[in-house]
Amino acid sequence: LGLPLAIAIIGGLPEQFAPLVDLYYRAADHAGHDRSQLAVSINSHGFIADNSQQASDESFPSFEQVMNKIGRERGWPPMTRDQFEGSRTLRGANFIGSPDEVIEKILFQHEIFGHQRLLLMLSVGTMPHDKVMHAIELLGTKVAPVVRKEIANHSDKKFQ
């Protein structure tokens, strides 16, 4: 695929980025590009653990530290645990949860964007290596196979 559009969703509601994808496709159509040759990538923060509470508890300390450092540099207030938890919900920006929650969120966003790629930064800040490796394992063995199957079964989705 060529001419990729990469959207970094690290805050806010995912659907507020949908107009960017629409604009991308309209501009490509106007320029005579074949939509089947175009790619959209959603790029977000994430962390996967065996269950939701574990994912939250393991990722919050490092996430908070990094986001608060960046926030001080950019004039943002410190992140609260409630804000972090809100970002983990279906309509939040971060893919932090159990495999089932991450699957649901990927498919939810696929309904919005019809994206072909997802890039997850699986640790924001420093986390123990074994925890990150387990998150990668869950992504590859639990999340990706289900997402691929579901998308293949519904290949008539928007932008496909």
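Refer to the structure presented above.
If you're wondering where the values come from, they're calculated on a predicted model, not measured in any experiment. (Residues numbered from 1 in each chain as written. Predicted model: local features only at pLDDT ≥ 70, side-chain atom pairs only at ≥ 80, totals over all residues. Heavy atoms only, no water.)

### Side note on the overall build of the chain
Phase 1: The secondary structure content of the chain amounts to five helices and four strands.
Phase 2: Its helices and strands taken in sequence order, the chain reads β-α-β-α-α-β-α-β-α from the N to the C terminus.
Phase 3: Its C-alpha atoms give the chain a radius of gyration of 16 Å, near enough to 15 Å, the size a compact globule of 160 residues would have.
Phase 4: Projected onto its principal axes, the C-alpha coordinates of the chain cover approximately 45 × 40 × 25 Å.
Phase 5: The 160 residues of the chain split such that 41% are buried.
Phase 6: Taking all contacts inside the chain whose residues are at least 6 apart in sequence as the whole, residues at least 24 apart take part in 69%. (Helix = DSSP H or I, 4+ residues; strand = E, 2+ residues; numbered from the N terminus. Rg over C-alpha atoms; globule rule 2.2 N^0.38 Å. Buried < 20%, exposed > 50% of the residue type's maximum accessible area, 1.4 Å probe, protein only. Contact = heavy atoms within 4.5 Å.)

### Structural notes on helix 2 (residues 52-74)
Phase 1: Along its length, helix 2 reaches its greatest deviation from straightness, about 40°, at Phe 60, and the proline Pro 61 lies no more than four positions downstream.
Phase 2: Among all positions of helix 2, only Ser 52, Ala 55, Ser 56, Ser 59, Phe 60, Ser 62, Phe 63, Met 67, Asn 68 and Gly 71 are buried.
Phase 3: Looking at the packing, one finds that the buried side of helix 2 touches strand 2 (38-48), helix 3 (81-87), strand 3 (95-97) and helix 4 (99-113).
Phase 4: In this structure Asn 51 caps helix 2, since a side-chain oxygen of it lies 3.2 Å from the backbone nitrogen of Gln 53.
Phase 5: Backbone geometry just downstream of helix 2 places Gly 75 in the positive-phi region, at approximately 85°. (Bend = angle between axes of the 7 residues up to and from the residue. Polar contact = N/O pair within 3.5 Å; in protein donor to acceptor, adjacent residues only side chain to side chain.)

### Some words on the nonpolar core
Phase 1: Ranked by size, the top nonpolar core spans 23 residues in total, and within it Phe 47, Phe 63 and Val 143 carry the most contacts.
Phase 2: Elements with a minimum of two residues in this core: strand 2, helix 2, strand 3, helix 4 and helix 5 (129-153).
Phase 3: Contact partners of Phe 47, with chain neighbours within four places excluded, come to Ala 55, Glu 58, Ser 59, Phe 95, Ile 96, Gly 97, Leu 122, Met 127, Lys 131, Val 132 and Ala 135.
Phase 4: In terms of nonpolar packing, the next biggest core, distinct from the first, is built from 15 residues, Phe 17, Val 21, Leu 38 and Ala 93 among them. (Core = buried A, V, L, I, M, F, W, Y, C linked by side-chain atoms within 4.5 Å.)

### Some remarks on the packing of aromatic side chains
Phase 1: Taken as a whole, this structure holds three aromatic pairs when the rule is applied.
Phase 2: The side chain of Lys 105 reaches across the aromatic face of Phe 95, ending 5.5 Å from its centre. (Phe/Tyr/Trp six-rings, centres within 6.5 Å; stacked < 30°, edge-to-face > 60°. Lys NZ or Arg CZ within 6 Å of the ring centre and 35° of its normal.)

### Description of the environment of Gln 65
Phase 1: Along the chain, Gln 65 turns up in helix 2.
Phase 2: Separated by 61 residues in sequence, Gln 65 and Thr 126 place their C-alpha atoms 9.4 Å apart.

### A look at helix 5
Phase 1: Counted at 1.5 Å a residue, the expected span for helix 5 with its 25 residues is 36 Å, and the 35 Å between its end C-alpha atoms agrees.
Phase 2: In helix 5, a bend of some 40° at Val 143 exceeds every other bend along the element, and Pro 145, a proline, comes one to four places later.
Phase 3: Along helix 5, the residues classified as buried are Val 132, Ala 135, Leu 138, Val 143, Ala 144 and Val 147.
Phase 4: Residues of helix 5 that are buried sit in contact with strand 2 and helix 4. (Expected span 1.5 Å × (residues − 1).)

### Looking at the packing of helix 4 against helix 5
Phase 1: Interhelical geometry of helix 4 versus helix 5 gives an angle of 35° and a closest axis separation of 10 Å. Seen along the crossing, helix 4 lies across helix 5 with a hand that is right-handed. For the pair helix 4 and helix 5, contact is made by Pro 99, Val 102, Ile 103, Ile 106, Leu 107 and His 110 and by Leu 138, Lys 142, Val 143, Val 146, Val 147, Glu 150 and Ile 151, respectively.
Phase 2: Of the residues belonging to the contact of helix 4 with helix 5, the class tally is 10 nonpolar, one polar and two charged. (Axes fitted to C-alpha atoms, helices over the stretch in contact; angles between N-to-C directions. Left-handed = near helix turned anticlockwise from the far one by under 90°. Nonpolar A, V, L, I, M, F, W, Y, C, P; charged D, E, K, R; others polar.)

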